[in-house]
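Architecture at a glance
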Amino acid sequence: MGAFNFAYNASMAVFVLYAREVLKVPTAAYGVLLAAGALGGVVMGWQARPLTRSLSYCQMMAVAHVAQGIAWIGIAAGANVWATAILFVIAGAGGSLSSVALGSARQALTPDALLGRVVSATRLFALGAAGIGALTGGVVAAGFGLTAAFALSASVLAAGALLTWPYRPQ
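Here the structure is a predicted model, which is why all the values come from computation and not from measurement.

A word on the packing of aromatic side chains
- Under the counting rule described, the total for this entry stands at 8 aromatic pairs.
- Seen from their ring centres, phenylalanine 15 and tyrosine 18 are 6.2 Å apart, and the 35° between their planes marks the pair as tilted. Pair noted here: phenylalanine 15 and tyrosine 18 are both in helix α1 (residues 2-21), with a separation of 3 residues, about one helical turn. Each member of the pair, phenylalanine 15 together with tyrosine 18, is buried.
- On the numbers, 6.4 Å between centres and 50° between planes, the contact of phenylalanine 15 with phenylalanine 150 is tilted.

A few points about a nonpolar patch on the surface
- Nonpolar side chains collect at one region of the surface, where Leu39, Val42, Val43 and Trp46 lie side by side and expose about 430 Å² of accessible area between them.
- Here tryptophan 46 is to be found in helix α2 (residues 27-54).

Quick word on the side chain of threonine 110
- With respect to the element layout, threonine 110 can be found in the loop between α4 (81-109) and α5 (115-144).
- In contact with threonine 110, not counting residues within four places along its chain, are Ala105, Leu115 and Val118.

Focus on the environment of leucine 152
- Following the sequence through the fold, leucine 152 ends up in helix α6 (residues 146-164).
- Taking the relative accessible area as the measure of exposure, leucine 152 reaches 24% and is therefore partly exposed.
- With 103 residues separating them in the primary sequence, leucine 152 and arginine 49 have C-alpha atoms 31 Å apart.
- Ignoring sequence-local partners within four residues, the contact set of leucine 152 consists of Phe6, Thr136 and Val140.

A look at α5
- In this model, α5 (30 residues) spans 42 Å end to end at C-alpha, consistent with the 44 Å of a helix rising 1.5 Å per residue.
- Within α5 the residues assigned to the buried category are Leu115, Val119, Thr122, Ala126, Ala129, Ala130, Gly133, Gly137, Val140 and Ala141.
- Lining the buried residues of α5 we find α1, α4 and α6.

Observations regarding the packing of α1 against α5
- Closest axis-to-axis distance for the α1/α5 pair is 6 Å, and the angle between their directions is 40°. Judged by the inter-axis angle, α1 sits oblique to α5. With respect to the hand of their crossing, α1 and α5 are arranged in right-handed fashion. From α1, Gly2, Asn5, Phe6, Asn9, Ala10, Ala13 and Val14 reach across to α5, where they touch Phe125, Ala126, Leu127, Ala129, Ala130, Ile132, Gly133, Ala134, Thr136, Gly137, Gly138 and Ala141.
- Class assignment for the residues of the contact of α1 with α5 results in 12 nonpolar, 7 polar and no charged.

Points about α6
- The end-to-end C-alpha distance of α6 is 28 Å, a good match for the 27 Å that 19 residues give at a rise of 1.5 Å each.
- Those residues of α6 that sit buried are Leu146, Ala148, Ala149, Phe150, Ser153, Ala154, Leu157, Gly160, Ala161 and Thr164.
- For α6, the secondary structure elements touched by its buried residues are α1, α3 (57-78) and α5.

Some words on the environment of serine 155
- Assignment of secondary structure puts serine 155 in helix α6.
- There is a polar contact of 2.9 Å between the side chain of serine 155 and the backbone oxygen of alanine 151.

Some thoughts on the nonpolar core
- Residues Phe15, Tyr18, Trp72, Ile75, Phe88 and Phe150 are the most contacted members of the largest nonpolar core, which totals 35 residues.
- Elements with a minimum of two residues in this core: α1, α2, α3, α4 and α6.
- Counting residues per element, this core draws most heavily on α4, which supplies 8 residues.
- If sequence neighbours within four positions are ignored, tryptophan 72 has contacts with Ala7, Tyr8, Ser11, Met12, Phe15, Phe88, Phe150, Ser153 and Leu157.

Reading guide: rules and limits
Residues numbered from 1 in each chain as written. Predicted model: local features only at pLDDT ≥ 70, side-chain atom pairs only at ≥ 80, totals over all residues. Heavy atoms only, no water. Phe/Tyr/Trp six-rings, centres within 6.5 Å; stacked < 30°, edge-to-face > 60°. Helix = DSSP H or I, 4+ residues; strand = E, 2+ residues; numbered from the N terminus. Buried < 20%, exposed > 50% of the residue type's maximum accessible area, 1.4 Å probe, protein only. Patch = residues over 30% accessible without salt bridge, like charges linked within 9 Å, V, L, I, M, F, W, Y side chains within 5 Å. Areas by Shrake-Rupley, 256 points an atom, 1.4 Å probe, with all protein chains shown as cover. Salt bridge = Lys/Arg side-chain N within 4 Å of Asp/Glu carboxyl O. Contact = heavy atoms within 4.5 Å. Expected span 1.5 Å × (residues − 1). Axes fitted to C-alpha atoms, helices over the stretch in contact; angles between N-to-C directions. Parallel < 35°, antiparallel > 145°, perpendicular 65-115°, else oblique. Left-handed = near helix turned anticlockwise from the far one by under 90°. Nonpolar A, V, L, I, M, F, W, Y, C, P; charged D, E, K, R; others polar. Polar contact = N/O pair within 3.5 Å; in protein donor to acceptor, adjacent residues only side chain to side chain. Core = buried A, V, L, I, M, F, W, Y, C linked by side-chain atoms within 4.5 Å.

In structure tokens, the structure reads:
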């Protein structure tokens, strides 16, 4: 979850600039793009249960990494507002799937007596990675351009997916 949050926030920290400067979207359209991500999250929320039967928790997390990575690379490569909206639906679905995977794994694998501590540690790493990701995304964008932050995110997500997929601790 740390890699996922790092990557998401590295891109989202600069996405508003990308939307205004590259996509040339008006302020209201920016909100619509973000809503497209929420739509993807809602749809995946309805569809996540069948995936939990056929994939391990780690594999679901790897799929979430791949979905978000594809979205960020597509957004960087496309510079098209309609394609970006569709890719935000995919990114939102990945975000929802990662929440289901992490929450399900935590509930299934953690003894009741340790659940509070595990939730606290998970939040520490997830939220800490988010802040570090946002900072890193801004620094990378300032030094190498807005799309470089998206490429960084996609690279982190690809590495996370590759490292996560082989494990099947269910």
